[in-house]
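Summary of structural features
The lines below spell out each chain.
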Amino acid sequence: MNKKLLILATTAVAAATVLAGCGSSGNKQEADKAGSTFVVGMEPTFPPFEFTENDAYVGFDIDFAQAICDKMGVKMEVKSMGFDALIPALKSGQIDMIASGMDATPERAKQVAFTNPYFHDGYSVVVRKDNTSIHGFADLKNCVVGTQVGTKGVDLAQDAGATVKQYDANSQGWLELNSGTCDAVIINTSVALYYLKEGGNKDLKLAGDSQLAPDGLAMAISKDKPERLEKVNKAIKELKEDGTYAKLYQKWFGVEPPADN
C-alpha cells in the first residue's frame with residue numbers, strides 16, 4: 001500500500017475519533033436567524049466529499065455546506081460522528097443538517113426531509129490488483145466484502161451473496177483490503193476514483209462496471225423544520241444559478257458537473 005495513503009487512512013480514522021467530540025452536544029436551540037450557529041453533521045472519512053487534513057475538515061460537502069450557510073447568513077459548525085448516528089442526531093435536534101454524501105433513499109425519507117439532490121453517484125467494487133477472480137458484483141458470492149455500516153453498499157453486498165464486513169469509517173475499508181482481511185470493498189464510485197487517483201491504484205483496482213445509484217445525494221433536514229428545508233433548497237438553487245456549485249465541483253472532481261447534477 002502507498003505509504004502516503006496508509007498514513008492518510010490511519011490518520012482519518014484517528015482524526016474522526018478525536019474530532020467527534022467537537023461541536024455542540026445535546027439538543028440544540030432553534031436558531032436559523034442571521035448570524036446564528038448552524039450545526040452540520042457528517043462522517044469525515046469520505047474523500048473527496050468530507051475528510052480531515054491537517055486537523056481541519058475539507059472536501060466538497062464541507063465547501064458546499066459552507067456556501068449554503070453563507071447564503072442563509074448563518075455560521076456553520078461541523079459535528080463529526082459515525083454515519084449511522086447522523087439521522088438519530090438530526091431527529092433529536094443535536095444537528096441542524098446532514099451533509100455527508102447521503103443517498104436520499106425512500107427508507108431514509110421516512111425519517112428525514114431531503115433537499116433537492118446535489119450529486120448523482122454510483123457504487124463500485126474495488127479489489128487488490130492481484131485479484132483475478134472478482135470481475136464485478138456478480139462474482140461476490142461467498143466472498144468477504146467490506147463496506148460502511150448504514151450505506152447502500154451493505155444491501156448490494158448482501159444481495160450479491162457475500163459475507164458482509166461492516167465498519168464505521170470508509171478509510172478502514174482500504175486498510176482491510178490491503179491487509180487481506182476482506183476480498184473486496186463496495187464504495188461510492190466517486191470516492192473510489194478519488195482514492196485510486198491519489199495513489200491507491202498502485203495496489204488496488206476497480207472490478208467491473210459500477211452500479212448507478214437510484215437516488216441522488218442530498219442534504220437532510222428534520223421533518224419538523226419545513227421552513228429550514230425551504231431555506232436550504234433556496235440556497236442550493238441560487239448556488240447552482242450563480243456558478244458557485246460548478247466552481248466547487250470543478251475544484252474537487254476536476255470536471256464540469258453533468259447536466260443532471
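What comes next concerns the included structure. Counting restarts for each chain: residues are numbered from 1 in the order of the written sequence. With the structure being a predicted model, the display of local features is reserved for residues of pLDDT at least 70 and the display and counting of side-chain atom pairs for 80 or more, all residues being used for whole-chain, interface and lining totals. The basis for every side-chain value is the complete set of non-hydrogen atoms in the structure, without hydrogens or water.

1. A word on the overall build of the protein chain
Strands here mean DSSP runs of E at least two residues long; helices mean DSSP runs of H or I at least four residues long; both are numbered from the N terminus. From N to C terminus, the protein chain includes nine helices and 13 strands. Looking at the protein chain as a whole, 53% of its 261 residues are labelled buried. Partitioning the contacts of the protein chain with sequence separation of at least 6, the portion at a separation of at least 24 is 71%. Residue-level accessible areas treat just the shown protein chains as cover; the underlying method is Shrake-Rupley with a 1.4 Å probe. Of the roughly 11700 Å² that the protein chain leaves accessible, carbon and sulfur atoms contribute 51%. Residue burial is assigned from relative accessible area. The probe radius is 1.4 Å, only protein chains are included, and a residue is buried under 20% of its type maximum, exposed over 50%, and partly exposed in between. We call two residues in contact when some of their heavy atoms are within 4.5 Å.

2. Thoughts on the packing of aromatic side chains
Centre distance within 6.5 Å is the pairing criterion for rings of Phe, Tyr and Trp, where only the six-membered ring of Trp is used; planes under 30 degrees apart are then read as stacked, over 60 as edge-to-face, and the remainder as tilted. Inspection of every chain in the model, using the stated rule, returns 19 aromatic pairs. Measuring from centroid to centroid gives 5.4 Å for Phe46 and Phe49, while their planes differ by 25°, and the two rings are stacked. Phe46 gets classed as buried once you look at its relative accessible area, which sits at 5%. Taken together, a centroid distance of 5.4 Å and an interplanar angle of 70° make the contact between Phe64 and Tyr245 edge-to-face. Here Phe64, found in helix α2 (residues 60-72), pairs with Tyr245, found in helix α9 (residues 244-253); they are 181 residues apart in sequence, far enough to count as distant. Accessibility expressed as a relative area gives 0% for Phe64, which makes it buried. A relative accessible area of 3% places Tyr245 in the buried class.

3. Digging into the environment of Lys237
Tracing the sequence through the fold places Lys237 in helix α8 (residues 226-241). Between the C-alpha atoms of Lys237 and Asn116, which are 121 residues apart in sequence, the distance is 8.8 Å. In terms of polar contacts, Lys237 uses its side chain to reach the side chain of Glu241, at 2.5 Å. Think of a polar contact as two N or O atoms within 3.5 Å of one another; within protein, one of them needs to be a possible hydrogen donor and the other a possible acceptor, and neighboring residues in sequence only count if both atoms come from side chains.

4. Considering α8
Given a helix with a known number of residues, its expected span is that number minus one, times 1.5 Å. Between the first and last C-alpha of α8 there are 23 Å, a value that for 16 residues agrees with the 22 Å anticipated at 1.5 Å per step. Within α8, burial applies to Arg228, Leu229, Val232, Asn233, Ala235, Ile236 and Leu239. Looking down the long axis of α8, one finds its buried residues gathered within 160° of arc, a one-sided arrangement. In α8, the exposed positions that point more than 90 degrees away from the buried face belong to Pro226, Glu230, Lys234, Lys237 and Glu241. Tucked inside the fold, the buried residues of α8 contact β1 (37-42), α2, β5 (97-98), β6 (113-114), β13 (220-221) and α9. After α8 finishes, the residue Gly243 shows a positive phi value of roughly 90°. Each direction from the helix axis to a C-beta atom contributes to the arc, which is the arc of those directions.

5. With respect to the nonpolar core
Across soluble globular proteins, you tend to see nonpolar side chains buried next to one another. To qualify as a nonpolar core, a set must consist of buried Ala, Val, Leu, Ile, Met, Phe, Trp, Tyr and Cys residues joined through side-chain atoms within 4.5 Å. One finds Val40, Phe64, Ile68 and Met97 to be the most contacted residues of the largest nonpolar core, which totals 49 residues. A per-element tally of this core places α2 first, with eight residues. If we ignore the near neighbours within four places in the chain, the residues touching Ile68 are Met219, Val232, Ala235, Ile236 and Leu239. Membership of the second largest hydrophobic core comes to 16 residues, among which are Tyr123, Val125, Phe137 and Ala213.

6. So, the side chain of Asp121
Note that Asp121 resides in the loop between β6 and β7 (122-128). No salt bridge is formed by the buried Asp121. Its closest oppositely charged neighbour is Arg108, at 11 Å. Engagement of the side chain of Asp121 in a polar contact is seen with the side chain of Ser190, the distance being 2.6 Å. Not counting the four nearest positions on each side in its chain, Asp121 is found in contact with Phe49, Asn188, Thr189, Ser190, Leu212 and Ala213. For this count, His and the chain ends are skipped, Lys and Arg are scored as positive, and Asp and Glu as negative. Salt bridges, as used here, are contacts in which a Lys or Arg side-chain nitrogen is within 4 Å of a carboxyl oxygen on Asp or Glu.

7. Concerning α2
Residue pairs spaced three or four apart in an α-helix point in one direction, given the helix's 3.6 residues per turn. For α2, with 13 residues, the first-to-last C-alpha span of 18 Å sits near the 18 Å given by 1.5 Å per residue. With respect to burial, α2 is a largely interior element, 10 of its 13 residues being buried. All of the buried residues in α2 are Phe60, Asp61, Ile62, Asp63, Phe64, Ala65, Ala67, Ile68, Cys69 and Met72. Of the surrounding elements, those touching the buried residues of α2 are β1, β3 (56-58), β4 (75-80), β5, α8 and α9. Within two residues after α2, Gly73 carries a phi angle of roughly 75°, on the positive side.

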